[in-house]
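This is what each chain is made of:
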Amino acid sequence: MAETEAPKGVLQSVDRALSVLLSFTEVRPEWGVSELAREHGWDKAVVQRLLTTLAARGFLLCDETTRRYRLGPSVSRLARVGEHSGVLPSLVRPVLARLLRETGESVVLNVPNGSGYRCAAAVDGAGPVRYTAIVGALMPGHAGASGHAIFAHYPEAELGQLFGASPLQRFNEQTITDFDALMECYAQVREDGVSLSHGEYDEAVTAVASPVFQAGTVAASLTVIGPAHRVSRAAGDLGELVRDAAAEATAAFGD
């Protein structure tokens, strides 16, 4: 990759250090000096100094045997601060508010949490009959559109660890409890870009969800959810609205 100049007014050394950190992904969690130098078109000596500096502050760890680098504890510390300060929900609140106006139904931003997902932000729908989400509530990942939209984009080996090790809990007759059936559901979600569930967790509820990505990795799902008799009838139109809103949320997350 050819080196790109830092934007005007940006300190080049800091910009390079941040570019190094952003090079670490779930797909590429380790880097060597030569690999990073080729990736960014930088001199190896420059890369070595950047890596050494970041390691000194705990943002990277160096394996003494392989001389390869991984993210360090300082990154986790900042991630926890961001999580508790509500950075991601704040970025997409305008998207949630607009989707509420467009649909009239409750809109929820959910984030992965182990083998389940957690409500990170929500706005309630209008009218006396509506779905109310509780921020911070934990839900099972295998039951419902919100979880399907998230976990459909996990590697199958990881899904086997999350959902294949023990029988999946059944909440009603609509719940997917077979691992192979769950994988088929996920394949359809990836193809459609949207997930639809009819009462898999709560029989009275229908939900339409789409994944939100950050740096190429699924970070959340955006869901319109409400009484089955209303949402099921409008599922087709809601799917398009939710897909568009999830794409906007992905852009806000800095994909």
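The structure displayed is predicted, hence computed values, not measured ones. Here the residue index of a chain counts from 1 through its sequence in written order. Predicted model: local features are reported for residues with pLDDT of at least 70 only, side-chain atom pairs are reported and counted for 80 or more only, and whole-chain, interface and lining totals are derived from all residues. Where side-chain values are given, they derive from all heavy atoms of the structure, hydrogens and water being excluded.

Asks: How should I be thinking about the nonpolar core in this particular structure?
Replies: For soluble globular proteins, the rule of thumb is that nonpolar side chains tend to be buried together. Buried Ala, Val, Leu, Ile, Met, Phe, Trp, Tyr and Cys residues form a nonpolar core when they are joined through side-chain atoms within 4.5 Å. Each residue is placed in one exposure class: buried if its accessible area under a 1.4 Å probe, protein chains only, is under 20% of its type's maximum, exposed if it is over 50%, and partly exposed if it falls in between. Val92, Leu96, Leu99, Leu109, Val212, Leu222 and Phe253 are the most contacted members of the largest nonpolar core, which totals 23 residues. At the level of secondary structure, the elements contributing two or more residues to this core comprise helix 5 (87-103), strand 3 (106-113), strand 4 (116-123), strand 7 (205-214), strand 8 (217-227) and helix 10 (235-253). Strands are runs of DSSP state E lasting at least 2 residues, helices are runs of H or I lasting at least 4, and numbering of each runs from the N terminus. For this core, the leading source of residues is helix 10, giving 6 residues. Note on contacts: a residue pair qualifies if any of its non-hydrogen atoms lie within 4.5 Å across the two residues. Ignoring any residue separated from it by four or fewer positions in sequence, one finds Val212 in contact with Thr217, Val218, Ala219, Ala220, Ser221, Leu222, Ala246, Ala249, Thr250 and Phe253.

Asks: Quick question: what am I supposed to make of helix 8 (residues 179-192) here?
Replies: Residues spaced three or four apart along an α-helix face the same direction, because each turn holds 3.6 residues. An expected span of 1.5 Å times one less than the residue number is assigned to each helix. The end-to-end C-alpha distance of helix 8, which contains 14 residues, comes to 20 Å, matching closely the 20 Å that a straight helix rising 1.5 Å per residue would cover. Along helix 8, the residues classified as buried are Leu182, Met183, Cys185, Tyr186 and Val189. For helix 8, the angular spread of the buried residues around the axis is 160 degrees, confining them to a single face. Facing away from the buried side of helix 8, by more than 90 degrees, are the exposed residues Asp180, Glu184 and Glu191. Those residues of helix 8 that are buried lie in contact with helix 6 (145-151), helix 7 (156-163) and strand 6 (195-198). At the C-terminal side of helix 8, Gly193 shows a positive phi close to 80 degrees. What the arc covers is the set of directions going from the helix axis to the C-beta atoms.

Asks: How do you make sense of the pairing of strand 4 when you look at a structure like this?
Replies: Each regular strand carries side chains that alternate between the two faces of the sheet. Among the 8 residues of strand 4, 6 are classified as buried, and the element is accordingly described as predominantly covered. Direction of pairing for strand 3 relative to strand 4: antiparallel, over a ladder of 7 bridges. Residue pairing across strands places Leu109 opposite Ala121, the latter belonging to strand 4. The rule for pairing is simple: two strands pair if DSSP sees at least two bridges between them. Pairing of strand 4 with strand 5 (residues 138-140) involves 3 bridges; the strand directions are antiparallel. When the bridges of strand 5 are listed, Arg118 appears paired with Leu138.

Asks: What is the right way to look at unusual backbone geometry in this model?
Replies: Residues other than glycine predominantly adopt negative phi, and peptide bonds predominantly adopt the trans conformation. Residue Arg67 is not a glycine yet carries a positive backbone phi of 65 degrees. Tracing the chain through its elements places Arg67 in the loop between strand 1 (60-62) and strand 2 (69-71).

Asks: Explain the sheet that holds strand 4 to me, please; I cannot follow it from the model alone.
Replies: The strands that make up a sheet pair up through hydrogen bonds in the backbone, lying either parallel or antiparallel. What the 6 strands build is an open sheet, ordered 5-4-3-8-7-6; its pairing is antiparallel. Of all the strands in the sheet, the pair left with one neighbour each is strand 5 and strand 6. This sheet shows a mean twist of 35 degrees between the axes of neighbouring strands, independent of strand direction. Convention adopted: a line fitted to C-alpha atoms gives each axis, helices being fitted over their contacting stretch, and angles between N-to-C directions are expressed from 0 to 180 degrees. Along the sheet, helix 10 contacts strand 3, strand 6, strand 7 and strand 8; its crossing angle with strand 7, the most-contacted strand, is approximately 25 degrees.

Asks: Help me out: how do you make sense of the pattern of salt bridges in this one?
Replies: A side chain with one charge can pair with a side chain of the opposite charge if their charged atoms come near. Basic side-chain nitrogens of Lys or Arg form a salt bridge, by our definition, when they fall within 4 Å of a carboxyl oxygen of Asp or Glu. All told, the structure shown has 8 salt bridges when counted by the stated rule. Glu35 is paired through a salt bridge with Arg68; the nearest N and O atoms lie 3.0 Å apart. Residue Glu35 is found in helix 2 (residues 33-40), and its partner Arg68 is found in the loop between strand 1 and strand 2; the two are separated by 33 residues along the sequence. We note a salt bridge from Arg67 to Glu64, for which the minimum N-O separation is 3.0 Å. By relative accessible area, which is 42% here, Arg67 ends up partly exposed. Overall, the relative accessible area of 63% leaves Glu64 in the exposed class. Counted as one network, the salt bridges with shared partners bring together Arg28, Glu30, Glu35, Arg68 and Arg70.

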